[in-house]
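Listed below, chain by chain, are the residues.
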Amino acid sequence: MAETHTRDTDGMPTIREDDLTDPQTLQLIAEHVAAMRADSPEESCHVLSDDALRSPNVTVWTAWEGDTIVGMGALAALSGTHAEIKSMRTTAQSRGLGVGRLLVRFLIDEAASRGITTLWLETGSDATFLPARSLYESEGFVECDPFGTYRPDPNSTFMMREVAEPTISAGWM
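Residues numbered from 1 in each chain as written. Predicted model: local features only at pLDDT ≥ 70, side-chain atom pairs only at ≥ 80, totals over all residues. Heavy atoms only, no water.

## Re the overall build of the protein
Moving on, step 1. A tally of regular secondary structure across the protein gives 4 helices and 7 strands.
Moving on, step 2. The proportion of buried residues among the 173 residues of the protein is 49%.
Moving on, step 3. For the protein, contacts bridging at least 24 residues in sequence account for 61% of all contacts bridging at least 6.
Moving on, step 4. Summed over its atoms, the accessible surface of the protein is roughly 8400 Å², and 52% of this surface lies on carbon and sulfur atoms. (Helix = DSSP H or I, 4+ residues; strand = E, 2+ residues; numbered from the N terminus. Buried < 20%, exposed > 50% of the residue type's maximum accessible area, 1.4 Å probe, protein only. Contact = heavy atoms within 4.5 Å. Areas by Shrake-Rupley, 256 points an atom, 1.4 Å probe, with all protein chains shown as cover.)

Quick look at the structure:
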């Protein structure tokens, strides 16, 4: 597992760039893919497999408590100044504990450090995805039109956020 971009802040999970070889990472990706395929019609399912996450334009980070994975998130470069958040997932045991918020803030900070000025994301529009949409809204994301290769889809909610200042120092919860 790559140890670059590691951050461990006052009892928070450690976030590190992931090379997608750890069995726990692959298991979390498999759970994510299965859940997204179960919750979204095929034509509206934009989840990335572990192979797709290995694309040169995608970087994946995982959150760890000790030697146990608790979440993941990725940035996919869209252009020199635009990126998309992909593959946000926390383990069932870590839901509601702030791991998702920590990862979103980490990704915002990482985007800022890479010169990204706008972050985009696509998530589901039904009730299953309400916690995700609420999290993104609370972190400054607003609904927008489809971006990149996405097309209008009643099963998708598109969101964006300008990247300005780091947020990780604002705390985990």
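What follows picks up the thread again.
## A short note on the pairing of strand β5 (residues 118–124)
Moving on, step 1. Burial within β5 is extensive, with 7 of its 7 residues counted as buried.
Moving on, step 2. Taken together, the 3 bridges between strand β4 (residues 82–90) and β5 define a ladder with parallel strand orientation. Its bridge partner being in β5, E84 is matched across the sheet by W120.
Moving on, step 3. Traced from β4 through helix α3 (residues 99–113) to β5, the parallel crossover comes out right-handed.
Moving on, step 4. One ladder, built from 7 bridges, connects β5 with strand β7 (residues 156–162); its direction is antiparallel. By the bridge assignment, W120 is partnered in β7 with M160. (Pairing = 2+ DSSP bridges. Right-handed = clockwise from strand over helix to strand, strands pointing away.)

## A closer look at the sheet that holds strand β3 (residues 68–77)
Moving on, step 1. Here 7 strands make up an open sheet; going across it, the order is β1-β2-β3-β4-β5-β7-β6 and the pairing mixed. Every other strand in the sheet has two partners, leaving β1 (14–17) and β6 (142–143) as the edge strands with one partner each.
Moving on, step 2. The sheet strands contacting helix α4 (residues 130–138) are β4, β5, β6 and β7, and the helix crosses β5 at an angle near 160°. (Axes fitted to C-alpha atoms, helices over the stretch in contact; angles between N-to-C directions.)

## Considering the side chain of K86
Moving on, step 1. Following the sequence through the fold, K86 ends up in strand β4.
Moving on, step 2. At 3.2 Å, the side chain of K86 forms a polar contact with the side chain of Y150.
Moving on, step 3. For K86, the contacting residues outside a window of four places in its chain are H46, L48, G73, A74, A76 and Y150. (Polar contact = N/O pair within 3.5 Å; in protein donor to acceptor, adjacent residues only side chain to side chain.)

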